[in-house]
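Reading the structure
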Amino acid sequence: DTEPSGPKAIHISLTESPTAIHIQFSTTNIGKPVVEIAAKDNPSESTKYEGESTTYLASDMCVKNQSADSTKNFVPPGQLHTIKVTDLKVNTDYVYRAGVSTGQGIRWGDYFNFRSSKPPGFIPPKSGNNTSIKPAITFLALADQGVGNGTKHGDGAGQNVTRLITSLASNHTVDSIHIIGDLSYADGSTEIWDKYMDMIEPFASRIPTMVAVGNHEYDYTRGDGSKKDGSGIKTNETFHPSWGGSGFHDEGGECGVPFAKRFAAPNNGNSIFWYSFEQSLVHTIMLSSEHNMTRGSAQYKFLEADLSGINRTVTPWVVVELHRPLYNSEKYATQDAIGIAMRYEIEELLRLYHVDLVMSGHYHAYLRTCDGLYQEKCSNGGPQHVTIGIGGAPLDCDMQLYPNHYTEKFDEDHFGVGRVSVYNASALHFEFVALGEEVVDDFWILRQRN
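Attention here is on the structure that accompanies the text. (Residues numbered from 1 in each chain as written. Predicted model: local features only at pLDDT ≥ 70, side-chain atom pairs only at ≥ 80, totals over all residues. Heavy atoms only, no water.)

**Looking at the state of the cysteines**
Across all of its chains, the model carries two disulfides by this definition. At a sulfur-sulfur separation of 2.2 Å, the disulfide partner of Cys 62 is Cys 255. Disulfide Cys 62-Cys 255: the torsion about the S-S bond is 95°, which places it as right-handed. One end of the pair, Cys 62, is in the loop between β5 (52–54) and β6 (79–85); the other, Cys 255, is in the loop between α4 (225–228) and α5 (257–262), with 193 residues separating them in the sequence. (Disulfide = S-S within 2.5 Å. Helix = DSSP H or I, 4+ residues; strand = E, 2+ residues; numbered from the N terminus.)

Put into C-alpha cells, the structure is as follows:
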C-alpha cells in the first residue's frame, strides 16, 4: 500500500488550560500537521492550527526485543503528529478535522466533534423546574485494556470495553476518560500499538483521554536507558528498588518511548509520566508507579508541590491515579510488597492533603477498600482506594485474598469501567459499570468540607 494514508488514530487530551486541547494523530506520509476547527454552531468560521511531528525507530528504544529486533521485524509507526489548539471557549461544542499539508495540498481526514473542558470550579446551572440533579462532572476510568485478537494479553474484551465506553460517553455525558496504565500490551510491537490507537479512536477522538504509565509501557532491565529512556531518567535501567523483587521485570524494552511519542500531557510535571489536570470540581494527579517516588525524588517533590498548591474551594475533590495500587488484597506477595513500599513513601502526603480517592489497576480485577484508609485503618483520614484493572486484559481467576479487614468488595468476573460522577463539593458517586452497562457495584464518598 504505497498510497499515502489520511490521518488515523485520532485522539484528544486535556492541557494545563481549559481553553486549549491537544489533538494527535498519525499518518504514513511526512507533511506539516494541521487541524481545522470551528464552533459547532458556527461551522463556517473555522481556524487552522499547525503542529509538530515525531516518530521512533527500534534503535530509539532501550532494547531491540524479539518483536522489534531488527529492521526485518520492526515496523516504523509513521509520523506521529501533535497539535495544540488554543483560544477555545470552555464547555463548548466544536467540530474539527485533522490533515497533513504536503506539496500537493492538504490531505484531510474525517470530521469529529468534541466538547471543550469544563473550567475548574464549574457547577452546572440550575435549569428551571427540572428536579433531576445532573453531575457537575462525570469521567470514566479503567486500566489494563489490551487489543485482543490473538495477542497474548487478551481475547477481544478490550474491544468490548471500547464499545462500552463509546456507548456510555454518547450525548456528551462524559467529560474525560482516564486509562491508568497497561494500555496496549504492545511490549515493543508497533503493530499492536497501531491497532490499539485505532481501537480507541471512537471515544478518544471525541472525549479527552488521559493516560498513566504502566509496567508494560515502561519497565526494562536491559539496554542503555541513560540515553533512551522516554521519561528522561538518566540511569542505565528503570527503577528497581530492593523491595520490588521480580515485580519490576522487563516488558519488551519500550522504556516509555512509544508511550511518550503517542500521548501528550499538560505541561506541569514530567511529560506524560506524571502531571495533573483540573475539570469542574476535580483535581486529578497522574503518577508513575514505575518510577522512583521515595521521599526527595523528583516525582515525590512534584506530588508534594502539586497537592500543596490545590485551591480546594475551586476543586474540592482530589483524585490520584497510578498503575500499581497502594492497597490490594489479592494473594500475590511480590506485588503486595510494592504496594506496601509505595504506602511507606507517599501515604502520609495523601492523608496530609486530604486526597479523596486513589484509583489503580495492575491486578486484573475490581477491588475497593473502605473509605478513610490510612496505615491499614479505615476511617483514619486517608482516601478510599479502588483497583479497576478490568479494561479487557484477561481477568484474574480464582484468586485467594489476604484476610484484610479493609477489603469491602472484590470482583474478578466482569470487564468494564469505573464511572465517577461528582455532584457538588461533598458528594461523589462511583459505579463499576460492566459490559452490557450493568452496574455491579457502586458507592458514595461524602465529605464535609471546611
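**Quick look at the pattern of salt bridges**
Once their charged atoms are close, side chains differing in charge can pair, the charge on each being opposite to the other. Overall, the coordinates contain 18 salt bridges when judged by the stated rule. Its salt-bridge partner being Arg 262, residue Asp 194 comes within 3.1 Å of it at the nearest N-O pair. Of the two residues, Asp 194 sits in helix α2 (residues 190–204) while Arg 262 sits in helix α5, which places them 68 residues apart along the sequence. Its relative accessible area of 25% is what places Asp 194 among the partly exposed residues. (Salt bridge = Lys/Arg side-chain N within 4 Å of Asp/Glu carboxyl O. Buried < 20%, exposed > 50% of the residue type's maximum accessible area, 1.4 Å probe, protein only.)

**Here's the deal with empty space enclosed by the protein**
Scanning the model with the defined rule gives five cavities of 30 Å³ or more in all. As a volume, the largest cavity reaches approximately 130 Å³. In terms of lining, the largest cavity is formed by 13 residues, of which the most central are Arg 115, His 172, Val 174, Asp 175 and Ile 207. Considering only residue class, the lining of the largest cavity consists of four nonpolar, five polar and four charged. (1 Å grid on protein atoms, 1.4 Å probe; cavity = no way out; pocket = protein on both sides within 12 Å on 5 of 7 lines; lining within 4 Å. Points joined across faces, edges and corners; volume = space filled by probe spheres on them. Nonpolar A, V, L, I, M, F, W, Y, C, P; charged D, E, K, R; others polar.)

**Looking at unusual backbone geometry**
The phi torsion at Cys 255 lies on the positive side, around 40°, for a residue other than glycine. Taking relative accessible area as the criterion, Cys 255 reaches 0% and is therefore assigned buried. Look at His 354: it is not a glycine, yet its phi comes out positive at around 55°.

**A short note on the packing of helix α6 (residues 298–308) against helix α7 (residues 333–352)**
Between α6 and α7, the least distance of the axes is 10 Å, while the angle of their chain directions is 10°. As far as their axial angle goes, α7 and α6 are roughly parallel. Seen from α6, the contacting residues are Tyr 300, Leu 303, Glu 304 and Leu 307; seen from α7, they are Glu 345, Ile 346 and Leu 349. (Axes fitted to C-alpha atoms, helices over the stretch in contact; angles between N-to-C directions. Parallel < 35°, antiparallel > 145°, perpendicular 65-115°, else oblique. Contact = heavy atoms within 4.5 Å.)

**Thoughts on α6**
Where α6 is concerned, the buried positions are Gln 299, Tyr 300, Phe 302, Leu 303, Asp 306 and Leu 307. All buried residues of α6 project into a common sector of 160° when viewed along the axis, lining one side. Facing away from the buried side of α6 by more than 90 degrees, the exposed set consists of Ala 298 and Lys 301. Packed against the buried residues of α6 are β12 (275–279), β13 (282–286), β14 (317–321) and α7. (Arc of directions from axis to C-beta.)

**Topic: the layout of surface pockets**
In this structure, the second largest pocket occupies an estimated 410 Å³ of space. Looking at the second largest pocket, it is lined by 20 residues, and the ones nearest its centre are Arg 312, His 354, Gln 448, Arg 449 and Asn 450.

**As for the environment of Gly 148**
For Gly 148, the position within the fold is in the loop between β9 (137–142) and α1 (157–168). Separated by 246 residues in sequence, Gly 148 and Pro 394 place their C-alpha atoms 9.4 Å apart.

**Some points on the environment of Asp 219**
Summarising the element assignment, Asp 219 is placed in the loop between α3 (215–218) and α4. Spatially, the C-alpha atoms of Asp 219 and Gly 256 are 7.9 Å apart, while their sequence positions differ by 37 residues.

**Thoughts on the side chain of Arg 262**
Residue classification places Arg 262 among the buried residues on the basis of a relative accessible area of 4%. A polar contact is formed between the side chain of Arg 262 and the side chain of Tyr 56, at a distance of 3.1 Å. Those residues in contact with Arg 262 that sit more than four places away from it in its chain are His 11, Gln 24, Tyr 56, Pro 77, Leu 80, Thr 190, Trp 193, Asp 194 and Met 197. (Polar contact = N/O pair within 3.5 Å; in protein donor to acceptor, adjacent residues only side chain to side chain.)

**Things to note about the sheet that holds strand β19 (residues 416–424)**
In space, the six strands of this open sheet follow the order β11-β10-β9-β19-β20-β21, with mixed pairing throughout. Two strands lie at the open edges of the sheet, namely β11 (209–212) and β21 (438–446), each paired on one side alone. Averaged over all pairs of adjacent strands, the angle between strand axes in this sheet comes to 20°, irrespective of strand direction. Bridge count for strand β20 (residues 427–434) against β21 is eight bridges, and the pairing is antiparallel. (Pairing = 2+ DSSP bridges.)

**Description of the packing of aromatic side chains**
The relation between two aromatic rings is expressed through the spacing of the ring centres and the mutual angle of the planes. One pass over the full model with this rule turns up 15 aromatic pairs. Between Trp 193 and Tyr 196, the ring centres sit 6.2 Å apart and the planes meet at 80°, which makes this aromatic pair edge-to-face. One end of the pair is Trp 193 and the other is Tyr 196, both in helix α2 and three residues apart, which spans about a single turn. Assessed through its relative accessible area of 0%, Tyr 196 is described here as buried. Note that Arg 295 overlies the ring of Tyr 344, its terminal NZ or CZ placed 5.0 Å from the centroid. We note Arg 343 situated over the ring of Tyr 327; from NZ or CZ to the ring centre the distance is 4.0 Å. (Phe/Tyr/Trp six-rings, centres within 6.5 Å; stacked < 30°, edge-to-face > 60°. Lys NZ or Arg CZ within 6 Å of the ring centre and 35° of its normal.)

What is shown is where atoms sit, not what they do.
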